[in-house]
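An overview of the molecular structure
Each chain, written out:
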Amino acid sequence: MALEIIRIPVLSDNYIWLVHEPVSGETMVVDPAVADAPLAEAEKRGWKITQIWNTHWHPDHTGGNADIKTATGCHITGPAAESARIPTLDTMVQEGGTARLGDVVGNVIDVPAHTAGHIAFHIPSENALFIGDTLFAMGCGRLFEGTPAQMFDNMRKLEALPDETAVYCAHEYTMSNGQFALTVEPENTALVERMKAVETMRNRGEATVPTSIALEKATNPFMRAASIDELAARRAAKDAA
Ligand code: FE
Ligand code: ZN
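Description of the structure in this document. These numbers were taken from a predicted model, which means no experiment stands behind them.

In this structure, the largest pocket spans a volume of roughly 220 Å³. When residues of the lining of the largest pocket are traced back to their parent elements, those giving at least two are α5 (174-184) and α8 (228-240). Grouping the amino acids of the lining of the largest pocket by side-chain chemistry returns 4 nonpolar, 6 polar and 5 charged.

Structure representation (structure tokens):
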């Protein structure tokens, strides 16, 4: 692995990802809900934050932008379609574009639906995907600014990535997602086994992300929905649960 990726739990269930590239010495923060925790974590490790990458405009993903930029002078990259709602952006990207940490390249993927301009960063050389609030362990983001058809398309893009891709989600929603998934597919043995492991981990206070594309293909009821209508019905049922 060329990158060191550190998980920082903040607020009630957010994860901020602090990512260090040792060759260039660059360090970035993905979706900083707050500034103090990633600044302290970087300082502790002797790293200087040089970049922020944002997946979408929600305050629990961008709230730390301004203070981190003031403290470090870092460069901020985020979704072009949401630039009006993220005034701190320096570089605006969309599908087909890239972001770089040193020589490590992240490909931008458009994944609209949770928000209208939501993007993800896929780093093929690291098998890493920073997905924000589009895909969670056994779940997906709520459809605040998009449609079931868009989320269905997102799932097709994500399941096409290599199975071993590590998926860095922005929230610890695994337990509630898994409990819902079991109501959808009670006979799915991969899901039943996964939830046993998740319960053990959560009882010990452990994080359950990153997940992987392979695990989500086997257990995620939104990735596994066979049609747009099925995804829509599952999303509506989860919202009401
Ligand atoms: Fe969000
Ligand atoms: Zn969020």
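Moving on, we come to the coordination of the iron ion (ligand 1). All of the protein donors around the iron ion (ligand 1) are H56 (NE2), H58 (ND1), H114 (NE2) and D133 (OD); their distances to the metal are 2.1 to 2.3 Å. Taken together, the 4 donor atoms coordinating the iron ion (ligand 1) span angles of 86 to 172 degrees at the metal, a pattern that classifies the geometry as irregular. Here the donor residues for the iron ion (ligand 1) map to a single chain with the spacing H-x1-H-x55-H-x18-D. In this structure, the iron ion (ligand 1) lies 3.2 Å from the zinc ion (ligand 2), and both are coordinated by D133. Of the two residues, H56 sits in the loop between β4 (49-53) and α2 (59-62) while H114 sits in the loop between β8 (104-110) and β9 (119-123), which places them 58 residues apart along the sequence.

Membership of the largest hydrophobic core comes to 45 residues, with the highest contact counts inside it found for W17, V19, L129, F130, I131 and L158. Apart from residues lying up to four places away in sequence, I131 is in contact with T55, V111, H118, A120, L158, V167, Y168 and C169. Core analysis: the next-biggest nonpolar cluster, separate from the first, contains 19 residues, L18, A33, I68 and L89 among them.

This brings us to the sheet that holds strand β3 (residues 26-30). With mixed pairing, the 6 strands of this open sheet are ordered in space as β1-β2-β3-β4-β5-β6. Here the strands that pair on one side only, and so sit at the sheet edges, are β1 (4-10) and β6 (91-93). Adjacent strand axes in the sheet meet at a mean angle of 20 degrees when their direction is disregarded. Pairing of strand β5 (residues 75-79) with β6, which is carried by 3 bridges, proceeds in the parallel orientation. From the neighbouring strand, G78 faces β6, where its bridge partner is M92.

Running from N to C, α5 and α8 cross one another at 125 degrees; their axes reach a closest spacing of 11 Å. Regarding the angle of α5 to α8, the classification is oblique. The chirality of how α5 crosses α8 is right-handed. Between α5, through S176, N177, F180 and V184, and α8, the contact on the second element is made entirely by R234, A237 and K238.

Conventions adopted
- The numbers attached to residues start from 1 for each chain and follow its sequence in the written order.
- Working convention: letters from A go to chains and numbers from 1 go to ligands, in the order in which they are written.
- pLDDT decides what is reported in this predicted model: residues at 70 or higher carry local features, side-chain atom pairs at 80 or more are listed and counted, and totals for whole chains, interfaces and linings draw on all residues regardless.
- Working from all heavy atoms in the structure, the side-chain values ignore hydrogens and water.
- The way it works is a 1 Å grid over only the protein atoms, where trapped points that fit a 1.4 Å probe form a cavity and open points with protein on both sides within 12 Å along at least five of seven lines form a pocket, and then any residue with an atom within 4 Å of a point lines it.
- Grid points are joined across faces, edges and corners, and a volume is the space filled by probe spheres set on the points.
- Secondary structure follows DSSP: runs of H or I at least 4 residues long count as helices, runs of E at least 2 residues long count as strands, and numbering of each begins at the N terminus.
- The residue classification treats Ala, Val, Leu, Ile, Met, Phe, Trp, Tyr, Cys and Pro as nonpolar and Asp, Glu, Lys and Arg as charged. All others, Gly included, are polar.
- Water is not among the atoms examined, so metal sites may look incomplete; donors are the N, O and S atoms within 2.8 Å of the metal, or within 3.2 Å for Na, K and Ca.
- Tetrahedral means four donors with every angle between 85 and 135 degrees, whereas square planar (four donors) and octahedral (six donors) require angles over 155 degrees between opposite donors and between 65 and 115 for all others; sites fitting neither are termed irregular.
- The criterion is simple. A nonpolar core is a set of buried Ala, Val, Leu, Ile, Met, Phe, Trp, Tyr and Cys residues joined through side-chain atoms within 4.5 Å.
- Buried means the residue's accessible area, taken with a 1.4 Å probe over protein chains only, is under 20% of the maximum for its type, while exposed means over 50%, and partly exposed covers the values in between.
- Residues are treated as being in contact if the distance between any of their heavy atoms lies within 4.5 Å.
- A strand pair is defined by DSSP finding two or more bridges across the two strands.
- In this analysis an axis means a line fitted to C-alpha atoms, helices contributing only their contacting stretch, and an angle means the value between N-to-C directions, from 0 to 180 degrees.
- Should an angle fall under 35 degrees it is called roughly parallel, over 145 degrees roughly antiparallel, and 65 to 115 degrees roughly perpendicular, with every other angle called oblique.
- Throughout, a crossing is termed right-handed when the near helix is turned clockwise from the far one, and left-handed when it is turned anticlockwise from it by less than a right angle.

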